[in-house]
Amino acid sequence: MAILALWASFGYLIGSVSGGMIVARLMNLGNLREIGSGNIGATNVLRTGNKKAAAVTLVFDAGKGAVVVLLARAFAGEDAAQIAAFTAFLGHCFPVWLGFKGGKGVATYLGILWALAWPTGAVACLIWLVVALLTRFSSLAALVSAGAMPVLMPLLGYTNMVTLAVLLAALLYWRHWGNIQRLRAGTESKIGTKS
Ligand code: G3P
């Protein structure tokens, strides 16, 4: 039990480190809170016009989720990996370093899935990509992808991940509440647009 709590804490602390905030600071991109949606994720970093910064943010935020899972699994097994995955996602959304005002968790979600079971990560990315290419809405792509994964996981042979996928999808939908309202109102901005 103590070991699981340790990995949960580790996942949360690493998940709390925001790639977007670090990249924005190092590359002088300005205050992400005052740009576009105000989010600290890769989609909003892209609104600064700096594609490289957005790519680095994506890799960083996905990478931290993956690293946490791989370390937890290597040292403490599958339960620890899933718990650390969940807390890493929580950390990204509610980071202790940023007064608990974090991101929406999409890149971290994808990194977590890749590390837990790569076919689930591949399918989630594929769904994201198809919806994003068809609609140009990053948020909608994330919502469809995260919503589909609890249903698809048993079909892919990962029934053991369904509970985690449901919890992550619920949190992801909560964090995208503003996006959902904008999608419904027809005011959501598309990938690559500035506002
Ligand atoms: O990765 C977050 C994305 O789904 C939505 O971002 O900045 O358009 O609210 P944003």
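As a reminder, the structure under discussion sits directly above these lines.
Residues numbered from 1 in each chain as written. Predicted model: local features only at pLDDT ≥ 70, side-chain atom pairs only at ≥ 80, totals over all residues. Heavy atoms only, no water.

Phe89, Tyr109, Leu116 and Leu172 are the most contacted members of the largest nonpolar core, which has 41 residues in total. Listed by contribution, the elements that provide at least two residues to this core are helix H4 (51-76), helix H5 (78-93), helix H6 (106-116), helix H7 (118-135), helix H8 (138-156) and helix H9 (162-175). The contact partners of Tyr109, leaving out residues within four places of it in the chain, are Phe89, Ser145, Ala146, Met149, Leu168 and Leu172. Of all hydrophobic cores here, the second largest spans 9 residues; its members include Ala24, Leu32, Ile40 and Val45. (Core = buried A, V, L, I, M, F, W, Y, C linked by side-chain atoms within 4.5 Å. Buried < 20%, exposed > 50% of the residue type's maximum accessible area, 1.4 Å probe, protein only. Helix = DSSP H or I, 4+ residues; strand = E, 2+ residues; numbered from the N terminus. Contact = heavy atoms within 4.5 Å.)

As a further point, take the packing of H6 against H8. The contact between H6 and H8 brings their axes to 11 Å, and the two run at 25°. Comparing their axes, H8 and H6 come out roughly parallel. Of the two possible hands of crossing, H6 and H8 adopt the one that is left-handed. Here Val106, Tyr109 and Leu113 of H6 lie close against H8, whose contacting residues are Ala142, Ser145, Ala146, Met149 and Met153. Considered class by class, the residues forming the contact of H6 with H8 number 7 nonpolar, 1 polar and no charged. (Axes fitted to C-alpha atoms, helices over the stretch in contact; angles between N-to-C directions. Parallel < 35°, antiparallel > 145°, perpendicular 65-115°, else oblique. Left-handed = near helix turned anticlockwise from the far one by under 90°. Nonpolar A, V, L, I, M, F, W, Y, C, P; charged D, E, K, R; others polar.)

This brings us to the packing of aromatic side chains. Within the structure shown, the criterion is met by 3 aromatic pairs. With centroids separated by 6.1 Å and ring planes inclined at 15°, the aromatic side chains of Trp7 and Phe75 adopt a geometry described as stacked. With a gap of 68 residues between them, Trp7 in helix H1 (residues 2-15) and Phe75 in helix H4 connect regions that are remote in the sequence. By relative accessible area, which is 64% here, Phe75 ends up exposed. Members of the aromatic cluster, each reached through a chain of ring pairs, are Trp7, Phe10 and Phe75. One Lys or Arg, Lys190, reaches over the ring of Phe137 and ends 5.1 Å from the middle of that ring. (Phe/Tyr/Trp six-rings, centres within 6.5 Å; stacked < 30°, edge-to-face > 60°. Lys NZ or Arg CZ within 6 Å of the ring centre and 35° of its normal.)

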